[in-house]
Amino acid sequence: QVQVVESGGGLVQAGESLRLSCAASGGHFSNSLYAVSWHRQAPGQERELVARINIGGRTNYADSVKDRFTISRDRDPRKNVAYLQMNSLKPEDTATYYCNFFSQRLDRDYWGQGTQVTVSS
């Protein structure tokens, strides 16, 4: 059974930074076979894609976070860990952030429980 756990959320002031981590464990999980994405959901709003990194390392971002957020994988593929570096945070970034590992080839889709990010003005 694969588990995905996010960490690193918290309360910060506008302009500050946070780094979220997402770790997958269990089964025969191999990070290199999955695309990883971060999503967020604010109260009363739909969940939205924030950033994605595919198997080949190509990234894409929501327009609202371009040039402020960076998604990456741990350099050690055995760790099955991905990150979201968030700089210049704004109050509108306040949301619960979720990590997703997805493999079309394996037909697998794993979500974490989320980590709360709150940005005060």
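Report on the accompanying structure. (Residues numbered from 1 in each chain as written. Predicted model: local features only at pLDDT ≥ 70, side-chain atom pairs only at ≥ 80, totals over all residues. Heavy atoms only, no water.)

### Quick word on the side chain of D93
Point 1. Here D93 lies in the loop between β8 (81-86) and β9 (95-103).
Point 2. By relative accessible area, D93 is classed as buried at 1%.
Point 3. Contact partners of D93, with chain neighbours within four places excluded, come to R40, R68, F69, S88, V117 and V119. (Helix = DSSP H or I, 4+ residues; strand = E, 2+ residues; numbered from the N terminus. Buried < 20%, exposed > 50% of the residue type's maximum accessible area, 1.4 Å probe, protein only. Contact = heavy atoms within 4.5 Å.)

### Describing the side chain of S103
Point 1. Counting through the fold element by element, S103 comes out in strand β9.
Point 2. A polar contact is formed between the side chain of S103 and the backbone oxygen of L33, at a distance of 3.3 Å.
Point 3. Leave out the neighbours within four places in its chain, and S103 touches L33, Y34 and R108. (Polar contact = N/O pair within 3.5 Å; in protein donor to acceptor, adjacent residues only side chain to side chain.)

### A short note on the packing of aromatic side chains
Point 1. Taken as a whole, this structure holds two aromatic pairs when the rule is applied.
Point 2. Aromatic pair Y34 and F101: ring centres 6.4 Å apart, planes at 80°, arrangement edge-to-face. Highlighted residues: Y34 in the loop between β3 (18-25) and β4 (35-41) and F101 in strand β9, separated in sequence by 67 residues.
Point 3. Their ring planes at 45° and their centres at 6.1 Å tell us that Y34 and Y110 sit as a pair that is tilted. Taken together, the residues Y34 in the loop between β3 and β4 and Y110 in strand β10 (residues 108-111) connect sequence positions 76 residues apart.
Point 4. Its relative accessible area of 4% is what places Y34 among the buried residues.
Point 5. These aromatic residues form a ring-pair network of at least three members: Y34, F101 and Y110. (Phe/Tyr/Trp six-rings, centres within 6.5 Å; stacked < 30°, edge-to-face > 60°.)

### Quick look at the pattern of salt bridges
Point 1. Under the counting rule described, the total for this entry stands at five salt bridges.
Point 2. Between K66 and D63 there is a salt bridge; the shortest N-O distance is 3.2 Å.
Point 3. A residue is classified by how much of its surface remains accessible, and D63, at 65% relative accessible area, is exposed.
Point 4. Across the pair D93 and R68 runs a salt bridge whose closest N-O atoms are separated by 2.8 Å. Here the residue D93 occupies a position in the loop between β8 and β9, and R68 occupies one in the loop between β6 (59-61) and β7 (69-73), the gap between them amounting to 25 residues. Here the two residues D93 and R68 agree in accessibility, since each one is buried.
Point 5. What you see here is one network of salt bridges that share partners, running through R40, E48, R68 and D93. (Salt bridge = Lys/Arg side-chain N within 4 Å of Asp/Glu carboxyl O.)

Limitation: the analysis is restricted to geometry and does not speak to function.
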